[in-house]
Amino acid sequence: MKVVIVIPTYNEKDNIGKLASYLETKIFPKLKKEFDPHILIVDDSSPDGTADIVRTLQKKYKNIHLFLNKKKSGLGGAYLKGMSYATDKLKADVMFEMDADFSHDPDVIPQFLQKIKEGNDLVLGSRYIKGGSIPKNWGFHRKLFSILGNIIIQVVLTHFAIRDWTTGYRALRTELFEALRAEMKKREFSGYTWQIGFLHKTVRKGFKVAEVPIHFVDREYGKSKLGTEYIKNTLFYIFTIRIQELKQIIKFGIVGLVGFIINFTALEVFHQAFGISPDNAAALGAELAIISNFTLNNIWTFKAQKITKPKQIAAKFVQFNVASLGAIIIQKVTVWIGMQLFGDSLYRLYFLIAVAIGTGLNYMIYTKFIWKK
Ligand SMILES: Nc1nc2c(ncn2[C@@H]2O[C@H](COP(=O)(O)OP(=O)(O)O)[C@@H](O)[C@H]2O)c(=O)[nH]1
Ligand SMILES: [Mg+2]
């Protein structure tokens, strides 16, 4: 397995040589039995001559690569270019994101790789799980800010399993990068928002994420490039993306409500006017609701993924029906069980319970299979 440690640099002349030598002499010898380790430094033509130090190192170590950007393109821009190069040219299987300034302890690299081998697509170096930490010397405000920031992100995105959303120490499978590459080219990810955007997309697409604890330490040499615009950009990103996601759920709910009304009306009409038994009337109503739901979801809820080709519509409608058949069976069985246990008179209640179970399952199937991004 080829492993490429991607290190973006901007004015890191006092760090990059030390870090690369440490990786080559202390870490790589331990990995070489199982892995083929490389370093890729993505430098934005740092005025302090970082690239010259890398060129000197390249004479000694053949597995050090330099990607030189003519102008400064931000942290995200550097990762996009670096990872593209590592994927296309170096044929990496696994890539690391790592700072040049020793804030990220290189000795943890084997633990990341262990998690990758266990089948994870992305491994985060986490400061907020057991065994991890932020610097003791940080002032109260900085600590509070960092901790609170991560809590806000978890609440807004309603995802609590991941504790460190903003960490810049990560390992990932190349397949994951390839799945996200096109979307990560957006300008909004060219700075530090790269990190949260990448992780959010990873989670939403269902890739596997794990965390390993890290002790984050402050840099000794050089200056941090993290600016205050980072906070603004991050908040903007998480709120806008969440509103977009919720909009879809609200639309799905409205479409479902229309379907529910059709379903319920049909149940009443078929039962009261035509004398069909409640379980069969509910199932018939469900099929009418399916037709309405498919149409409205396609042109409204999931219009970004709208199916337009007649052939595809036919195929997806069949899929939609198969998926919804589950809901019909759930309705039939739930109403039937209710009738057996408590008699026919409460049939509306059994129907409501059945609809709740079916709706949750359906949303999952639609977003994962039918209108997949
Ligand atoms: N190529 C490149 N690297 C950058 C840029 N901004 C930051 N970096 C690098 O990204 C890493 C993290 O930046 P740093 O300033 O330490 O951020 P902090 O750890 O959050 O304070 C360091 O290795 C920086 O040299 C950039 O615009 N271009
Ligand atoms: Mg740093």
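Going by the structure above, here's the rest.
The notes below deal with the structure included here. This is a predicted model, so every value here is computed, not measured.

Taken residue by residue, helix α4 (residues 109–117) has Ile 109, Phe 112, Leu 113 and Ile 116 as its buried positions. Projection of α4 onto a plane perpendicular to its axis shows the buried side chains occupying an angular sector of 95°, all on one side. Packed against the buried residues of α4 are β1 (2–9), α1 (16–31), β4 (94–97), β5 (122–126), β6 (170–173) and β7 (209–213).

All right, on to the environment of Ser 292 then. The residue Ser 292 is located in helix α9 (residues 278–301) in this model. Taking relative accessible area as the criterion, Ser 292 reaches 13% and is therefore assigned buried. Taking the C-alpha atoms as reference, Ser 292 lies 60 Å from Ile 27; in sequence the two are 265 residues apart. Excluding anything up to four places from it in sequence, Ser 292 contacts Val 258 and Ile 262.

The biggest cluster of nonpolar side chains holds 34 residues, and the ones touching the most others in it are Met 95, Trp 165, Leu 172, Phe 177, Trp 194 and Phe 198. Of all the secondary structure elements, the ones that give two or more residues to this core are β1, β2 (36–43), α3 (74–88), β5, α5 (140–156), α6 (174–184), α7 (193–204) and α8 (229–273). Residue contributions to this core peak at six residues, all from α3. Excluding residues within four positions of it along the chain, Phe 177 makes contact with Leu 80, Met 83, Ser 84, Thr 87, Met 95, Leu 172, Trp 194 and Phe 198. Core analysis: the second largest hydrophobic core is formed by 33 residues, Val 3, Leu 57, Val 108 and Ile 214 among them.

What surrounds ligand 1 is a group of 18 residues, the closest being Glu 12, Asp 44, Arg 219, Ser 224 and Lys 225. Taking Val 42, its main chain carries an N or O atom lying 3.1 Å from a nitrogen atom of ligand 1. Backbone polar atom of Lys 225 to an oxygen atom of ligand 1: 2.5 Å apart, as the coordinates give it. With the chains in place, 92% of the 570 Å² that ligand 1 exposes on its own is no longer accessible. Residue contributions to the shell around ligand 1 peak at three residues, all from α3. Across the shell around ligand 1, the residue classes break down as eight nonpolar, three polar and seven charged.

What follows is about the pattern of salt bridges. By the definition in use, this model includes 15 salt bridges. Asp 52 is the partner of Arg 55 in a salt bridge, and the nearest nitrogen-oxygen pair spans 3.0 Å. Placement of both Arg 55 and Asp 52 in helix α2 (residues 50–60) is noted, with a separation of three residues, approximately one turn of the helix. On the basis of relative accessible area, Arg 55 is assigned to the partly exposed category, the value being 37%. Note that Lys 332 is salt-bridged to Asp 279, the shortest N-O span being 3.2 Å. Within this pair, whereas Lys 332 is found in helix α10 (residues 310–342), its partner Asp 279 is found in helix α9, the two being separated by 53 residues in sequence. Exposure remark for Lys 332: the relative accessible area of 32% places this residue in the partly exposed category.

What follows deals with the packing of aromatic side chains. Applying the stated rule across the entire model yields 22 aromatic pairs. The interplanar angle of 65° and the centroid separation of 5.6 Å between the aromatic rings of Phe 67 and Tyr 85 together place this pair among those described as edge-to-face. Of this pair, Phe 67 sits in strand β3 (residues 64–68) while Tyr 85 sits in helix α3, and the two are 18 residues apart along the sequence. Between the aromatic rings of Phe 302 and Trp 371, the centroid separation amounts to 4.8 Å while the plane-to-plane angle is 15°, which identifies the pairing as stacked. On the criterion of sequence distance, the pair formed by Phe 302 in the loop between α9 and α10 and Trp 371 in the segment after α11 (347–370) is long-range, its members being 69 residues apart.

The rules we used
Residues numbered from 1 in each chain as written. Chains lettered and ligands numbered in written order. Predicted model: local features only at pLDDT ≥ 70, side-chain atom pairs only at ≥ 80, totals over all residues. Heavy atoms only, no water. Buried < 20%, exposed > 50% of the residue type's maximum accessible area, 1.4 Å probe, protein only. Helix = DSSP H or I, 4+ residues; strand = E, 2+ residues; numbered from the N terminus. Arc of directions from axis to C-beta. Contact = heavy atoms within 4.5 Å. Core = buried A, V, L, I, M, F, W, Y, C linked by side-chain atoms within 4.5 Å. Near = heavy atom within 4 Å. Polar contact = N/O pair within 3.5 Å; in protein donor to acceptor, adjacent residues only side chain to side chain. Areas by Shrake-Rupley, 256 points an atom, 1.4 Å probe, with all protein chains shown as cover. Nonpolar A, V, L, I, M, F, W, Y, C, P; charged D, E, K, R; others polar. Salt bridge = Lys/Arg side-chain N within 4 Å of Asp/Glu carboxyl O. Phe/Tyr/Trp six-rings, centres within 6.5 Å; stacked < 30°, edge-to-face > 60°.

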